[in-house]
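Observations on chain architecture
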Amino acid sequence: MKNEFEALQHQWQKDKSKMESDPKENDMEQVLSTFQKNKTWSTNFQYGNIIILSIVLVGISAFFYFVAPVEELLSRIGVGLMIGGLFVRIIIECISVSKTKKINMLDQALQTTEDTIAFYKFRRKIHGPITILIIALYTIGFYMISPEFSLYFETWQMILIDGSYVIGAIILILVIRKNVKKEIKILSDIVDLKKKMLEEIV
Amino acid sequence: MNRKQQLFEEIYKDSYPMILQMCLGYMKGDIDLAKDLSQEVCINIWNSLESFRGTSSYKTWIYRITVNTCLQHIRKEKKAKKIAIDTVLYAVTEESNEVDVEKSQSLYKAIGKLEELDRLLIMMILDGQSYDNISEIMGIQSTNVRVKIHRIKKRLKKILDNEE
């Protein structure tokens with residue numbers, strides 16, 4: 001078996017030396033340009049959620065400030081709950097990105113795996129009670145504005161507005177549920193990976 | 001060109017073949033997926049350049065980033081499992097003779113049939129890393145690495161024998 005494995009090692013080294021002489025991989029200018037593009041995309045992707053949520057926050061704030069400034073106290077509290085909920089969500093996303101950055105690729109694989117497990121446990125926590133609370137506050141806020149809005153809109157328009165919110169909320173909950181399931185699966189995969197790393201074979 | 005970029009270029013020239021080959025084995029021989037993963041490794045190397053203080057050897061450092069990036073990729077990799085292993089092409093063998101191409105393809109196929117962690121461990125051994133080095137990269141005991149490698153070698157042999 002020793003000789004057979006040495007032959008595999010030889011084959012492996014031979015393949016590597018072919019890669020070393022591959023001119024496509026040694027064109028530094030091309031390599032650096034592709035690398036820069038990918039690096040920018042990767043950073044943008046990490047901040048994608050924060051950017052989208054911030055745009056929504058600015059949009060809603062501008063709407064209630066410039067287009068439909070509400071006057072009643074109940075409505076103002078409602079707007080506060082909606083904007084506050086979104087703001088808290090953005091803060092959580094920022095914490096999430098900072099926690100991702102703490103997963104150090106220079107650490108030993110076992111340590112990195114443990115940090116990744118801690119990160120996904122944090123994600124599970126925020127996806128659970130915290131996200132539900134934010135959606136609940138946002139929904140309460142939305143319906144607190146409804147009485148004042150009903151002064152300016154026809155009944156059928158109000159039904160349309162309230163109804164579309166319900167549909168939107170259902171879609172949002174389904175999307176969140178799907179993501180939670182996905183992340184729980186990832187968590188269990190990484191926990192399994194850690195177990196395999198530490199597994200002692202007798 | 002600044003110092004960071006210069007250092008990155010040196011690392012790239014020196015280590016890219018090793019990174020690409022590890023990614024190729026991890027991605028079951030699919031060159032496109034392997035190149036994408038290699039780019040992720042390079043981005044992580046770039047992001048870690050300033051943190052490297054020389055507490056471990058330079059090569060160990062590159063291996064750690066490569067192994068960690070591959071393991072972090074585990075969640076995306078699940079989708080890639082559907083790629084038929086028989087359609088896998090290995091670009092590097094383009095210029096090689098037929099026997100070499102066949103040998104390389106069957107080796108990558110066999111490595112692809114191992115579990116993710118086992119793939120990485122056996123590739124480090126194929127690349128000539130010592131048990132102590134692997135232990136340092138993985139953060140698991142050297143004796144544990146030795147036993148795992150012995151078991152993986154047996155499994156790899158079985159897979160290769162069944163293919164013949």
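Residues numbered from 1 in each chain as written. Chains lettered and ligands numbered in written order. Predicted model: local features only at pLDDT ≥ 70, side-chain atom pairs only at ≥ 80, totals over all residues. Heavy atoms only, no water.

The next subject is the overall build of chain B. Looking only at helices and strands, one finds 8 helices and 0 strands in chain B. The order of helices and strands in chain B, counted from the N terminus, is α-α-α-α-α-α-α-α. Per-residue burial over chain B gives 55% buried out of 164 residues. Within chain B, residue pairs in contact and separated by at least 24 positions form 67% of the contacts whose partners lie at least 6 positions apart. Total accessible area on chain B stands at roughly 7500 Å², and carbon and sulfur atoms take up 47% of it. (Helix = DSSP H or I, 4+ residues; strand = E, 2+ residues; numbered from the N terminus. Buried < 20%, exposed > 50% of the residue type's maximum accessible area, 1.4 Å probe, protein only. Contact = heavy atoms within 4.5 Å. Areas by Shrake-Rupley, 256 points an atom, 1.4 Å probe, with all protein chains shown as cover.)

This part takes up the overall build of chain A. Summing up its helical and strand segments, chain A has 6 helices and 0 strands in all. Secondary structure elements of chain A occur, N-terminal to C-terminal, as α-α-α-α-α-α. In chain A, which comprises 202 residues, the proportion classed as buried is 36%. In chain A, of all internal contacts separated by at least 6 residues, the share reaching a separation of at least 24 is 75%. By element, 67% of the accessible surface of chain A is carried by carbon and sulfur atoms, the whole surface being about 12600 Å².

Right, let's talk about the confidence of the model for chain A for a bit. Mean pLDDT over chain A stands at 86; residues scoring 70 or higher make up 91%. Confidence, read as mean pLDDT per element, is least for helix α2 (residues 23–26) of chain A in chain A (62) and greatest for helix α4 (residues 73–101) of chain A (91). (pLDDT = per-residue confidence, 0-100.)

What follows covers the environment of P147 of chain A. Here P147 of chain A is to be found in helix α5 (residues 109–149). Separated by 75 residues in the primary sequence, P147 of chain A and E72 of chain A place their C-alpha atoms 9.5 Å from one another.

With that settled, the discussion passes to the pattern of salt bridges. Residues and elements named next belong to chain A. One pass over the structure, following the stated rule, counts 16 salt bridges over all chains. The closest approach of N and O atoms between E114 and K194, which form a salt bridge, is 3.5 Å. With E114 in helix α5 and K194 in helix α6 (residues 155–198), the pair connects residues that are 80 residues apart, well separated along the chain. Connected through shared salt-bridge partners, R89, E93, R123 and E183 make up one network. (Salt bridge = Lys/Arg side-chain N within 4 Å of Asp/Glu carboxyl O.)

Once that is clear, we can look at the interface of chain B and chain A. Taken residue by residue, the interface counts 65 residues in chain B and 44 residues in chain A. The junction of chain B with chain A conceals about 5100 Å² of combined surface from both sides, 63% of it contributed by carbon and sulfur atoms. Of all residues in chain B, Q21, N68 and L126 of chain B bury the most surface against chain A, accounting for 11% of the area lost on that side. Where chain B meets chain A, there are 4 salt bridges. Measuring nitrogen to oxygen at the nearest pair gives 3.0 Å for the salt bridge that ties D127 of chain B to K16 of chain A. Inspection of the chain B/chain A interface yields 21 residue pairs in polar contact (both at pLDDT 80 or more). (Buried area = accessible area lost by both parts, 1.4 Å probe. Polar contact = N/O pair within 3.5 Å; in protein donor to acceptor, adjacent residues only side chain to side chain.)

Moving on, we get to the confidence of the model for chain B. Taken as a whole, chain B shows an average pLDDT of 83; of its residues, 82% reach a score of 70 or greater. Between residues 79–93 of chain B, whose pLDDT stays under 50, and residues either more than four places distant or in other chains, the model counts 28 contacts.

Residue and element names in this part refer to chain B. A positive phi angle is found at K28, which is not glycine, with a value near 60°. Checked against the element boundaries, K28 lands in the loop between α1 (3–26) and α2 (31–48). Here K28 falls in the buried class, since its relative accessible area comes to 14%.

So, on to the packing of aromatic side chains. For the coordinates displayed, the defined rule picks out 13 aromatic pairs over all chains. Taking 5.7 Å as the distance between ring centres and 50° as the angle between the ring planes, the aromatic pair formed by F149 of chain A and F153 of chain A counts as tilted. Residue class for F153 of chain A comes out partly exposed when judged on its relative accessible area of 34%. Linked through ring pairs, F63, F64, F149 and F153 of chain A together constitute an aromatic cluster. Here the basic side chain of K99 of chain A rests over the ring of F122 of chain A, its NZ or CZ set 5.0 Å away from the ring centre. Here R119 of chain B stacks its cationic end above the ring of Y26 of chain B, 5.3 Å away from the centre of that ring. (Phe/Tyr/Trp six-rings, centres within 6.5 Å; stacked < 30°, edge-to-face > 60°. Lys NZ or Arg CZ within 6 Å of the ring centre and 35° of its normal.)

Take the packing of α1 of chain B against helix α6 (residues 116–126) of chain B next. Helix-helix packing: each pair is described by the crossing angle between the helix axes and the interaxial distance. All names here are of chain B. Two elements in contact, α1 and α6, have axes whose closest approach is 9 Å; the angle formed by their N-to-C orientations is 145°. Crossing handedness for the pair α1 and α6: right-handed. Contact with α1, carried on its side by Q21, M22, G25 and Y26, involves E116, R119, L120, M123 and M124 of α6 and no other residues of that element. Residue composition of the contact of α1 with α6, by class: 5 nonpolar, 2 polar and 2 charged. (Axes fitted to C-alpha atoms, helices over the stretch in contact; angles between N-to-C directions. Left-handed = near helix turned anticlockwise from the far one by under 90°. Nonpolar A, V, L, I, M, F, W, Y, C, P; charged D, E, K, R; others polar.)

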